[in-house]
Amino acid sequence: MPRRDAADASAAAGQLGPQRWRAARRYLRRRLRMSVDAIEHLVGGLGTSILALAAVLLLVVVALASLVGVGLAMVPSAAKAVRLAANRERARLSRWDRDLPLPPAVPTRLRDVLRDPWFRRECGFVAVHGTVGFALGVVGLSLPISAVQNLLFPLYYWVLPPEAGGPGFINWRIDGLPDALLVGLIGVGWLAATVALNPPLAGLQALPGRRLLAPPRDVDMSLRIAELTATRAAALDAHAVELRRIERSLHDGAQNRLVAVTVLLGAARRAMLRDPARAVEILDRAHESAELALAELRSVVRGILPPVLDDRGLAAAIDGLAAGCAVPCVVEVDVPGRCAASVEATAYFVVAEALTNVARHSGAASAAVTVRRSVDRLYVSIVDDGRGGADEGHGSGIGGIRRRVQGHDGRFTLTSPPGGPTTLLVELPCGS
């Protein structure tokens, strides 16, 4: 018994090692993806911070000119410049996170401009983003640049004079390869700092825009009511479409099969006394029809909520969809834990409908499905290398995908230029 227990413990430890290694790889891959995304956001934020800084300088000039009465006429034009910088940041944050609605046009009268709550909040935004946001963008971009310079230094140190030192703050003498490798080791530290610090820096840079560029409370409430009304209508439409689909499936499939079983059983009953062999043949046909009816019912049940989704989770369900797709499909699912059942069902049907479209209409040679979760959002991406030109209005099922996503208060984006590739992006809230 002790030997068996020791063997079982050794086998369990052997299985736990690869699991920990896979978990570590997934963690590193997620951190690297977050760092790359953060660099992209910092670059975009640096661009909008330059616009905000220019708007701040313009406001300062207008304020100084207003002391002598000349700048008052320039206030509406300065407000338009501030609105331009703020709208660029709104567009950037809408691509990254939640939608920030655009405000109405800037008033033309001086009194209306000064009373505009949007303008007052935007002035605060350009003041913070043009200074603090600019500094955060510079710091965030200097980290990966320093990492690349230091990591590559052992490859080109020999073309520099030894007294020139290394990149950045490294000003000591580089006498040979060991000193250059030490600089490269410092580059590893810069890389670790990039991975660790850039995501929070990007979030901090975006914070003023999220706080100050959101609509005022009363406006935000009315916009939210309108948005919820639209999504509720989309949810009801999607529900009605799903009920019609289930009704058609039951009527055209299982119901017809069951009617055929009833007819065959009646025929077998009448033939039982006259021709028993014929009755057996009819009973065999009734048995086949009953099996087909059961298969139809199972298909309808799987269409409502696939059992594999409930039993094994979203990753296994999407792997099954990719395995059954006629087009070779690469799947990458990075969803730690489980999402709400409605979210997983929506994501599953989005992928199912999209892969059906790829197989039927795209002419693609390959496709890729990526599903990942970031905080409280689930992102689904389906990309194929087909002919492109997908149109929501031509009955390709894209309208159904949009209704499902909107009914879940999500976002749907389709990019399909002629010649391809086609990219379908879906973002779903998954706070639970």
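J.: Could you clarify how one ought to interpret the overall build of the protein chain in this entry?
T.: What the protein chain contains, in helices and strands, is eleven helices and five strands. Burial status across the protein chain gives 36% buried among its 432 residues. Contacts in the protein chain between residues at least 24 apart in sequence constitute 70% of all its contacts with a sequence separation of at least 6. Just so you have it, the protein chain exposes about 24700 Å², and 62% of that area is on carbon and sulfur atoms.

J.: Can you walk me through the confidence of the model for the protein chain in this structure?
T.: Parts of the model with low pLDDT should not have their predicted coordinates read in detail. Of the residues in the protein chain, 85% reach a pLDDT of 70 or more, and the chain-wide mean stands at 81. The lowest-confidence element of the protein chain is helix α6 (residues 217–274), averaging 69 in pLDDT; the highest-confidence one is helix α4 (residues 117–156), averaging 91.

J.: Whenever I open this one, the packing of helix α2 (residues 75–96) against helix α5 (residues 177–212) confuses me. Can you help?
T.: Between two packed helices, what matters for the description is the angle formed by their axes and the separation of those axes. Contact pair α2 / α5: the axes reach a minimum separation of 10 Å and the direction vectors enclose 120°. If you check the angle between α2 and α5, you find them oblique. Considering how the two elements wind past one another, α2 and α5 form a crossing that is left-handed. Facing α2, whose interface residues are R92, L93 and W96, α5 presents A202, G203, Q205, A206, G209 and R210. Per-class residue counts for the contact of α2 with α5 are four nonpolar, three polar and two charged.

J.: Help me out: how do you make sense of the sheet that holds strand β4 (residues 411–415) in this one?
T.: By way of backbone hydrogen bonds, the strands of a sheet pair with one another, either parallel or antiparallel. The five strands are arranged β1-β2-β3-β5-β4 in an open sheet whose pairing can be described as mixed. Looking at strand neighbours, the two that pair on one side only are β1 (329–334) and β4, the edges of this open sheet. Between one strand axis and the next, the sheet turns by 10° as a mean value, whatever way the strands run. Of the pairings in the sheet, the one linking strand β3 (residues 377–384) to strand β5 (residues 422–429) comprises eight bridges and is antiparallel in character. Paired with Y379 across the bridge in β5 is E427.

J.: Would you take a moment to explain the nonpolar core for this structure?
T.: Side chains that are nonpolar tend, in soluble globular proteins, to be buried together. Ranked by internal contacts, the top residues of the largest apolar core, which has 37 residues, are L378 and I382. Elements with a contribution of two residues or more to this core: α9 (314–323), α10 (341–362), β2 (367–374), β3, α11 (398–407) and β5. Looking at this core element by element, the count peaks at eleven residues for α10. The next biggest cluster of nonpolar side chains, apart from the first, holds 20 residues, and it includes V82, A85, L100 and L213.

J.: I'm lost on the environment of A73 in this one. Help?
T.: Summarising the element assignment, A73 is placed in the loop between α1 (2–66) and α2. Judged by relative accessible area, A73 falls into the exposed class, the value being 67%. Linking A73 and R109, residues 36 residues apart in sequence, is a C-alpha distance of 9.2 Å.

J.: Can you help me understand the pairing of β1 in this one?
T.: Consecutive side chains of a regular strand alternate in pointing toward one face of the sheet and then the other. As paired strands, β1 and β2 are joined by six bridges and run parallel to one another. By the bridge assignment for β2, D334 is matched with R372. For the crossover from β1 across α10 to β2, the handedness is left-handed.

J.: So what exactly am I meant to see when it comes to the environment of P328 here?
T.: Considering the arrangement of structural elements, one finds P328 in the loop between α9 and β1. In this structure, the C-alpha to C-alpha distance between P328 and A368, residues 40 residues apart in sequence, is 8.5 Å. In contact with P328, other than residues within four places in its own chain, are A365, S366 and A367.

J.: I keep staring at a positive patch on the surface and nothing clicks. Help me out?
T.: Residues R22, R25, R26 and R29 make up a contiguous surface patch of positive charge. Locating R22 in the fold gives a position in helix α1.

J.: Would you mind showing me how to read the packing of α2 against α4 here?
T.: Between α2 and α4, whose axes approach to 9 Å, the crossing angle comes to 70°. One element, α2, and the other, α4, form an angle in the roughly perpendicular class. Residues A79, V82, R83, A85, A86, E89 and R90 of α2 pack against W118, F119, E122, C123, F125, V126 and H129 of α4. Taken together, the residues of the contact of α2 with α4 break down into nine nonpolar, one polar and four charged.

J.: For this particular structure, what's the right way to read the pattern of salt bridges?
T.: A pair can form between side chains of opposite charge whenever their charged atoms are brought close. For the coordinates displayed, the defined rule picks out 13 salt bridges. In this structure, R83 and E122 form a salt bridge, with 2.7 Å as the shortest nitrogen-oxygen distance. Of the two residues, R83 is situated in helix α2 and E122 in helix α4; the sequence distance between them amounts to 39 residues. Judged on exposure class, the residue R83 and its partner E122 are both buried.

J.: Help me understand the pairing of β3 in this model?
T.: Most of β3 is tucked away, with seven of its eight residues classed as buried. Judged from the eight bridges that link them, β2 and β3 form a sheet pairing that is antiparallel. Looking across to β3, one finds that R373 is bridged to L378. In textbook terms, the turn of a hairpin is the stretch between consecutive antiparallel strands, and for β2 and β3 this stretch comprises two residues, one of which, V375, has a positive phi near 60°.

Reading the values: rules and limits
- Residues numbered from 1 in each chain as written.
- Predicted model: local features only at pLDDT ≥ 70, side-chain atom pairs only at ≥ 80, totals over all residues.
- Heavy atoms only, no water.
- Helix = DSSP H or I, 4+ residues; strand = E, 2+ residues; numbered from the N terminus.
- Buried < 20%, exposed > 50% of the residue type's maximum accessible area, 1.4 Å probe, protein only.
- Contact = heavy atoms within 4.5 Å.
- Areas by Shrake-Rupley, 256 points an atom, 1.4 Å probe, with all protein chains shown as cover.
- pLDDT = per-residue confidence, 0-100.
- Axes fitted to C-alpha atoms, helices over the stretch in contact; angles between N-to-C directions.
- Parallel < 35°, antiparallel > 145°, perpendicular 65-115°, else oblique.
- Left-handed = near helix turned anticlockwise from the far one by under 90°.
- Nonpolar A, V, L, I, M, F, W, Y, C, P; charged D, E, K, R; others polar.
- Pairing = 2+ DSSP bridges.
- Core = buried A, V, L, I, M, F, W, Y, C linked by side-chain atoms within 4.5 Å.
- Right-handed = clockwise from strand over helix to strand, strands pointing away.
- Patch = residues over 30% accessible without salt bridge, like charges linked within 9 Å, V, L, I, M, F, W, Y side chains within 5 Å.
- Salt bridge = Lys/Arg side-chain N within 4 Å of Asp/Glu carboxyl O.
- Lys, Arg positive; Asp, Glu negative; His and termini not counted.
- Charge placed at Lys NZ, Arg CZ, Asp CG, Glu CD.

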